[in-house]
Each structure stands twice: as C-alpha cells, then as structure tokens.
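What follows is each chain in one-letter form.
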Amino acid sequence: MKKVSAIIFAIIFAAMTAGVAVAGPGPGTGISGSKHDLSGLVPGEVQLCIYCHAPHNGTGAAGGLLWNHSPSAATYNMYTEEAASDPAFANFINGAQDAEPTGSAKLCLSCHDGTVAIDAYGGAAGTVNMTAFPNANLGLDLSDDHPISIVYDDAADLGLFPKAAVNLGAVNLTDILENDKINCVACHDVHNSPGETVDAPFVRVTMTGSALCLRCHDK
Ligand code: HEC
Ligand code: HEC
Ligand code: HEC
Ligand code: HEC
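Position numbers for residues start from 1 in each chain and track the written sequence from start to end. Numbering of ligands from 1 and lettering of chains from A proceed in the order in which they are written. A pLDDT threshold of at least 70 governs which residues receive local features in this predicted model, and a stricter bar of 80 or more applies before side-chain atom pairs are shown or counted, although totals over entire chains, interfaces and linings include all residues. The side-chain values count all of the structure's non-hydrogen atoms but skip hydrogen atoms and water molecules.

A. Expanded view of helix H2 (residues 104–112). Only protein chains enter the accessibility calculation, which uses a 1.4 Å probe. A residue is then buried if its area is under 20% of the maximum for its type, exposed if over 50%, and partly exposed in between. The helix count covers DSSP runs of H or I at least four residues long, the strand count covers runs of E at least two residues long, and both are numbered beginning at the N terminus. Among all positions in H2, only Ser104, Ala105, Leu107, Leu109, Ser110 and Cys111 are buried. Buried residues in H2 make contact with helix H4 (184–187). Just past H2, the residue glycine 114 takes up positive phi, approximately 80°. By definition in these notes, contact holds between two residues if any of their heavy atoms fall within 4.5 Å.

Here it is in structure tokens:
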C-alpha cells in the first residue's frame, strides 16, 4: 500500500514539476519553458521536439511531419447541432464536417484525448497519461468543444468573415486551413512560435474581448 502511494506521489510530483516549467518565458518565445516543454517528463530526456518529432525513424504514424508520437486509435463523438433533441438546431452549421477528426487534429488528440501516454514516443509505451493534466484532457466527447475538421464555408455561412480577410496573429487563416477545414491549429499555435503575442493557452489571438472569436465570426 505504502509503495502504491509512493508511486502515486511520484507521478503527481512528476506532473507538478512538469507543470512548473509552465509559467513560461512569454508569448512568441518558442517551446522551451512553455506547457509543451515536456523535457522534464521523462527522467533524463533533455530534448524538446522528440515527444512529437524525430529526425529519423519516427513512428511515421501521421505519414509526415517526422511524427514521433504514438497515434490514438479512438473514435470520437464530434460536434453536433443536437438536432436529435431539437431539429431547429440543425440549421446553424453550414460547413461540411468530417465524421472523425482529420489532419493535424489527430496529432493533438494523440495526447489530448487521454488514451495514449504523453511520453509514448519513439515506440515506447510511455507512463504519464493526460489524466495527470485534467484541464488539458479533452477526452473522446468533442461534442462540447468548438467544431473542428469542418470546412470554413464563408459562402454558405454569412456570419463568417471572408477567409482571405481573416488574420490570426502571426498567420493568416488561409495559411493554416487543411483541405479548407479548420482544426485545433486554427486557434492554437502548438509551438508558441515567434510572432505570437499571447502565451496561454497557446491561442493565436487574445481572448480579451473575445478577440480570437471575432476574427472569424462577424458578431
Ligand atoms: C507537443 C508536440 C510538439 C512539439 C513538442 C513540437 N512540435 Fe512541431 N508540430 C507539432 C504539430 C502538431 C505540428 C502540425 C501542426 C502545425 O503545423 O502546427 C507540428 C509541425 C511542425 C513543423 C511543420 C510545420 C511548420 O510549422 O513549419 C515543423 C517544422 C515543426 N513542427 C518543428 C518543430 C521543432 C523544431 C520542435 C522542437 C523545437 C517542435 N516542432 C516541437 C507538434 C509539436
Ligand atoms: C475555435 C478556436 C479553438 C479551436 C478550434 C480549438 N481550441 Fe482549444 N482553446 C481555445 C480557447 C479560446 C481556449 C482558452 C479557453 C479559456 O481560457 O477559457 C482553449 C483552451 C484549450 C486547452 C486548455 C484547457 C482548457 O480547456 O482551457 C486545451 C488543452 C485545448 N484548448 C486544446 C485544443 C485541442 C486539442 C483542439 C483540437 C481538438 C482545440 N483546442 C481546438 C480555442 C480553440
Ligand atoms: C506529446 C503530447 C502532446 C501533443 C502531441 C500536443 N500536446 Fe498540447 N499539451 C500537452 C500537455 C502534457 C499539456 C499540459 C501541460 C501542463 O499543463 O503542464 C498540454 C497543454 C496544451 C494546452 C494548454 C496550454 C495552457 O497554457 O493551459 C493547449 C491549448 C494545447 N496543449 C494545445 C495543443 C494542440 C492544439 C496540439 C496539436 C496542434 C497539441 N496541444 C499537441 C501535450 C501535448
Ligand atoms: C479560425 C476561425 C474561427 C475562430 C477563431 C472561431 N470560430 Fe467558431 N466557428 C468557425 C467555423 C468555421 C464554424 C462552423 C460554422 C459553420 O459551418 O456554419 C464555427 C462554429 C462555431 C459555433 C457553432 C455555430 C453553430 O451553428 O452551431 C459557435 C457557437 C462558435 N463557432 C463560437 C466561437 C467562439 C465562442 C469562438 C472563440 C472562442 C470561436 N467560435 C472562434 C470558425 C471559427
């Protein structure tokens, strides 16, 4: 029993110390020191990129991007208009949405759905699950999350600004659409790249005054 609680303590402690790196050095200063600086998670691991990319012999799971993290085999409950409970809701969504997350959303969810260990990289099974970071664990039910893997259809939805006019901080919307669809990366910059002006939580535009939302939605 004592041993078990010691292990649990070690896990919690590891999670907390991983969290200490969090405060971060500020917006636009890269991965180091950000919440995606996971270098402290695995004892002895000094690299930053390795949890997600490897220069050689990555997992190849994503088919590109030198992806090095184990994929998730989960299926998800996507955003829905709740048409089943009230048909009137079926009228709002205009963009075509994939039945399951696609593109880079799959990469984010390989950690953020909570089914694959965060340190499952380079073929290792890993030990620390996203359950250690409950706030960042989206789970498999994405119906309560902003729609993803959905076409930014500014022709059909007149409440959306024309895509060519949408700027998202360091990038323009058209640079990061994937097959015309928005994914997690439409709102988040996973690398806290130079040019970003907001650090937490990796959002591309400040949430003060809901500015991020108002870049796309004409409200
Ligand atoms: C927590 C996971 C994660 C970490 C850590 C990470 N990346 Fe990425 N990277 C991604 C994801 C997801 C994408 C694809 C989505 C995108 O482009 O934003 C990506 C895309 C890229 C791309 C191609 C697209 C582009 O932005 O040019 C490059 C190059 C890249 N990463 C380099 C790096 C380097 C170098 C490091 C380490 C300093 C690093 N990444 C750390 C997740 C990560
Ligand atoms: C339409 C924009 C948008 C999209 C798309 C989006 N997010 Fe977010 N996300 C946000 C905003 C804004 C916040 C900050 C919420 C707050 O602080 O109240 C956030 C917060 C988060 C957080 C921090 C925990 C939390 O709930 O505050 C995580 C983790 C996260 N997002 C991951 C993801 C992942 C993974 C995806 C894709 C599956 C995604 N996001 C898609 C806008 C978005
Ligand atoms: C290798 C695993 C991994 C991948 C892949 C990954 N993340 Fe994360 N992410 C984490 C962990 C772990 C945390 C929580 C760290 C903490 O709270 O200390 C986190 C935190 C976040 C947060 C919250 C930051 C904050 O300040 O609260 C957001 C937003 C986020 N991730 C978005 C994304 C998006 C978007 C992608 C894909 C483009 C992605 N992540 C890919 C591991 C990952
Ligand atoms: C990068 C562009 C973008 C950003 C930023 C963005 N959205 Fe969206 N949002 C979309 C798209 C595209 C849809 C799907 C619209 C459609 O197909 O009719 C959508 C759908 C929605 C819906 C569902 C509408 C419906 O009919 O069910 C709501 C609500 C919403 N967004 C609110 C927000 C809020 C709140 C924010 C800020 C936290 C935000 N959005 C940020 C692009 C964006």
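Picking up where we left off.
B. Spatial organisation of the coordination of the iron atom of ligand 1. For Na, K and Ca the donor cutoff is 3.2 Å, while for all other metals N, O and S atoms must lie within 2.8 Å; water is not among the atoms, so some sites may look incomplete. Listed as protein donors to the iron atom of ligand 1 are His53 (NE2) and His191 (NE2); their distances from the metal cover 2.0 Å. Viewed at the metal, the six donor atoms of the iron atom of ligand 1 are separated by angles of 85 to 179°, and the geometry they form is octahedral. Here histidine 53 is found in the loop between helix H1 (2–20) and H2, whereas its partner histidine 191 is found in the loop between H4 and helix H5 (211–216), with 138 residues between them in sequence. On the basis of relative accessibility, which here comes to 37%, the residue histidine 191 falls in the partly exposed class. Just to be clear on the cut-offs, tetrahedral is four donors with all angles between 85 and 135 degrees, square planar is four donors and octahedral six with opposite donors over 155 degrees apart and all others between 65 and 115, and anything else goes down as irregular.

C. Fine view of unusual backbone geometry. Even without being a glycine, serine 149 presents a positive backbone phi close to 50°. Residue placement: serine 149 occurs in the loop between H2 and strand S1 (150–151). Even without glycine at this site, aspartate 180 takes up a positive phi of about 70°. Considering the arrangement of structural elements, one finds aspartate 180 in the loop between helix H3 (173–176) and strand S4 (181–182). For aspartate 180, a relative accessible area of 38% translates into the label partly exposed.

D. Structural view of the coordination of the iron atom of ligand 3. At the metal site, the iron atom of ligand 3 is ligated by His36 (NE2) and His112 (NE2), and these contacts range over 2.0 Å. If you look at the iron atom of ligand 3, its six donor atoms make angles of 87 to 180° with each other, and the shape they trace is octahedral. Taken as a pair, histidine 36 in the loop between H1 and H2 and histidine 112 in helix H2 lie far apart in primary sequence, 76 residues in all.

E. Region of the structure containing the nonpolar core. By convention a nonpolar core is built from buried Ala, Val, Leu, Ile, Met, Phe, Trp, Tyr and Cys residues, the set being connected through side-chain atoms within 4.5 Å. If you look at the biggest cluster of nonpolar residues, it comprises 16 residues, and the most contacted ones within it are Tyr152, Val166, Leu168, Leu173, Leu177, Ile182 and Leu212. Elements that contribute at least two residues to this core include exactly H3 and H5. Excluding anything up to four places from it in sequence, leucine 168 contacts Leu173, Ile176, Ala186, Arg204, Val205, Leu212 and Arg215. Ranked by size, the runner-up nonpolar core spans 10 residues in total, among them Leu38, Cys111, Ile118 and Met130.

F. View of the side chain of aspartate 37. Here aspartate 37 shows up in the loop between H1 and H2. Separated by 2.8 Å, the side chain of aspartate 37 and the backbone nitrogen of glycine 33 make a polar contact. By the criterion applied in these results, polar contacts are pairs of N or O atoms within 3.5 Å in which, for protein atoms, one can donate a hydrogen and the other can accept it, and in which residues neighboring in sequence qualify only through two side-chain atoms. Here the side chain of aspartate 37 touches serine 39 through a polar contact of 2.6 Å, side chain to side chain. Beyond its immediate sequence surroundings of up to four residues, aspartate 37 is in contact with Ile31, Ser32 and Leu48.

G. Quick peek at the site of ligand 2. Around ligand 2, 15 residues are found, and the nearest of them are Asn135, His146, Cys184, Cys187 and His188. Here histidine 188 contributes a side-chain N or O atom positioned 2.8 Å from a nitrogen atom of ligand 2. Listed by contribution, the elements that provide at least two residues to the shell around ligand 2 are H2 and H4. Being near a molecule or strand, for a residue, means having at least one of its heavy atoms within 4 Å of it.

H. Up close: the site of ligand 3. Taken together, 22 residues are adjacent to ligand 3, and His36, Cys108, Cys111, His112 and Pro201 come closest. The separation between a nitrogen atom of ligand 3 and a polar side-chain atom of histidine 36 is 2.8 Å. Contact between ligand 3 and histidine 112: a nitrogen atom at 2.8 Å from a side-chain N or O atom of the residue. It is H2 that provides the largest number of residues to the shell around ligand 3, a total of four residues. Side-chain classes follow a simple rule in which Ala, Val, Leu, Ile, Met, Phe, Trp, Tyr, Cys and Pro form the nonpolar group, Asp, Glu, Lys and Arg form the charged group, and the remainder, Gly included, forms the polar group. Classifying every residue of the shell around ligand 3 gives 16 nonpolar, five polar and one charged.

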